2 protein chains.
Amino acid sequence: MINGPKRTIISRRARPAKEPLSHEQIVQTAYRLLEDEGLPGMTMRKIAKALDTGPSSLYVYVKNAQELNAYVMDYALGQLQLPQEHDGPWKTRLFGALEAYFELLQHRPGLAELAVTTIPAGVNALSLTEYLLSALHEAGIVSRSAAWGADLFMFYVSSFLYEKTSEARGTMPMPLIQETYRSADPARFPHIARLQQEIFSGNIEARERFRWGLEVILQGLLQAKQDNA
Amino acid sequence: MINGPKRTIISRRARPAKEPLSHEQIVQTAYRLLEDEGLPGMTMRKIAKALDTGPSSLYVYVKNAQELNAYVMDYALGQLQLPQEHDGPWKTRLFGALEAYFELLQHRPGLAELAVTTIPAGVNALSLTEYLLSALHEAGIVSRSAAWGADLFMFYVSSFLYEKTSEARGTMPMPLIQETYRSADPARFPHIARLQQEIFSGNIEARERFRWGLEVILQGLLQAKQDNA
DNA sequence: TATCATAACGAACGACGTTCGTAAAGAACA
DNA sequence: TGTTCTTTACGAACGTCGTTCGTTATGATA
């Protein structure tokens, strides 16, 4: 057919070339978006846009969004500053690690939700687990109790903060829930009526309630140690 | 302007009339879809289709999807068969109620995910809470410990089942996670390497592990009762 | 019979995750 | 140096989602 001068290939791409992407770059960008805009800001499309590319480009390095979530979660755990090993008694280390996790989830909007809905698979998740197991071991909690106990502790942290941040996320109108309990018929729900203040924890700092839960679980674990193997 | 014969108004609606919708009808339909197809089956559009209408029609009775989730969750709690009050010792009633909750979440695909991500606001949630508070009261666990303890128990149930059903939902490829732990460097992660079997709980029934957690939390609560007020 | 608030609903908007076909880039090899 | 082939990049599109808007029907009230 009739050709132009030399058949100069006109690139259909908008930009001529680009430094290549990478797995790590994608995860870091996703995490930064999560920090800045919360979970709604961390979508495949927005990550791609932040990297100045299209969403389909990400699928070379990541199987799907769910998998990326797991990587981001593990990357976030990498930010954890765990207390030095052999630094103070085991309880200080145990609670110190869990409180560090607490603060991490608290200060990154949307990270708590991510923690609840994805199981992080990566070396940083292993590090946290190992750290907890180590402290529990020193406490004399071993084997099954230790393995399940570490899981229970981590569940507790993420669940606690997921609920705590649900108001900030606008997920649930907290006043409406409070109203449901407040208007509960004292005849049908006498205990609820009596425990109003405690349920919504009066003026108590969230940190105190969190700490209370840690104590409860720990005491339970120590108790279970005595009961059976 | 020039008119046709009589300006017969041609309805733009496909159907001439319909029996009206209702809040309850919508919630029930949503719950049925949740039972049949899991959480992905319970979308505004699919609920509307099941009711033979359009999605916008639902917004007369429900503010948004999130609110509908809360109603559906509470409706699901209404299906709970709690042990008779004053039927057996308090521990039997306490664990009986929590295990009934356990089974409810276990048998309805997607309900565990719903339980984790929404705070049910309704009379059925109140009933469950009241029931737990009553049993805890009889155990001598009162006030702050009772209020927070009931919450902790319910968290535990939904978190436990959310993780347990995450494989069935295809959310996380369980073998991949297991592989992460199995291939953990024994030098860096000695405790993890040693506790392989316990972490993935060998051949242990999920029910047994669940029950273990209930015991731990309960023992912790009983212990905390002695320690402070 | 006229008025008016409520309910129903079609259409559309803007987001989402993901897939597909194709173009560019770079490595391997001749 | 020239050719082949695998990997990476990416525009376009598909189907889905929640939600909003404007309009029409409905049924109670005046």
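Our subject is the structure that appears above.
Residues numbered from 1 in each chain as written. Chains lettered and ligands numbered in written order. Predicted model: local features only at pLDDT ≥ 70, side-chain atom pairs only at ≥ 80, totals over all residues. Heavy atoms only, no water.

## As for the relation of the copies chain B and chain A
Applying a rotation about an axis and a shift along it to one chain copy brings it onto the other copy.
Okay, so step 1: When chain B is fitted onto chain A, the two copies agree to an RMSD of 0.0 Å after a turn of 180° and an axial shift of 0.0 Å. Classification of the inter-copy transformation places it as that of a two-fold axis. Looking at the rotation axis and the C-alpha trace of chain B, the residue lying nearest is G220 of chain B, at 1.9 Å.
Okay, so step 2: When the interface residues of chain B are mapped onto chain A, 100% of them again fall at the interface, so both copies present the same face. (Least-squares fit on C-alpha atoms with pLDDT ≥ 70 in both. Contact = heavy atoms within 4.5 Å.)

## A short note on the environment of P55 of chain B
Residue and element names in this part refer to chain B.
Okay, so step 1: Relative to the elements of secondary structure, P55 occurs in the loop between α2 (44-50) and α3 (65-77).
Okay, so step 2: Between the C-alpha atom of P55 and that of R45, which follows or precedes it by 10 residues, the distance is 5.0 Å.
Okay, so step 3: Beyond its immediate sequence surroundings of up to four residues, P55 is in contact with M44, R45 and A48. (Helix = DSSP H or I, 4+ residues; strand = E, 2+ residues; numbered from the N terminus.)

## Focus: the side chain of E99 of chain B
Okay, so step 1: On the secondary structure map, E99 of chain B appears in helix α4 (residues 90-107).
Okay, so step 2: Setting aside residues no more than four positions away along its own chain, E99 of chain B makes contact with R207, F210, R211 and L214 of chain B.

## Re the interface of chain B and chain A
Okay, so step 1: Contact with chain B, which involves 58 residues of that partner, is made by 58 residues of chain A.
Okay, so step 2: Of the roughly 5,600 Å² buried at the junction of chain B and chain A (both faces included), carbon and sulfur atoms supply 71%.
Okay, so step 3: Taken together, the connections running from chain B to chain A amount to 4 salt bridges.
Okay, so step 4: The closest approach of N and O atoms between R209 of chain A and D151 of chain B, which form a salt bridge, is 3.1 Å.
Okay, so step 5: At the surface where chain B touches chain A, the tally comes to 13 residue pairs in polar contact (both at pLDDT 80 or more).
Okay, so step 6: Broken down by secondary-structure element, the contributors of at least two residues to the side of chain B that touches chain A are α3, α5 (111-117), α6 (123-138), α7 (143-166), α8 (174-182), α9 (190-194), α10 (196-199) and α11 (206-227) of chain B. (Buried area = accessible area lost by both parts, 1.4 Å probe. Salt bridge = Lys/Arg side-chain N within 4 Å of Asp/Glu carboxyl O. Polar contact = N/O pair within 3.5 Å; in protein donor to acceptor, adjacent residues only side chain to side chain.)

## Concerning the packing of aromatic side chains
Centre distance and the angle of the planes are the two values used to describe a pair of aromatic rings.
Okay, so step 1: Considering all chains together, one arrives at 16 aromatic pairs over all chains under this definition.
Okay, so step 2: Residues Y181 of chain A and F200 of chain A carry aromatic rings whose centres are separated by 5.6 Å and whose planes lie at 85° to one another, so their mutual orientation is edge-to-face. Of this pair, Y181 of chain A sits in helix α8 (residues 174-182) while F200 of chain A sits in the loop between α10 (196-199) and α11 (206-227), placing them 19 residues apart in sequence.
Okay, so step 3: Note on F102 of chain B and F160 of chain B: the rings are 6.0 Å apart at their centroids and 45° apart in plane angle, and the pair reads as tilted. Within this pair, whereas F102 of chain B is found in helix α4, its partner F160 of chain B is found in helix α7, the two being separated by 58 residues in sequence. With respect to burial, F102 of chain B and F160 of chain B carry one shared label: buried.
Okay, so step 4: Connected via pairs of aromatic rings, a cluster forms that spans F102, Y156, F160 and F210 of chain A. (Phe/Tyr/Trp six-rings, centres within 6.5 Å; stacked < 30°, edge-to-face > 60°. Buried < 20%, exposed > 50% of the residue type's maximum accessible area, 1.4 Å probe, protein only.)

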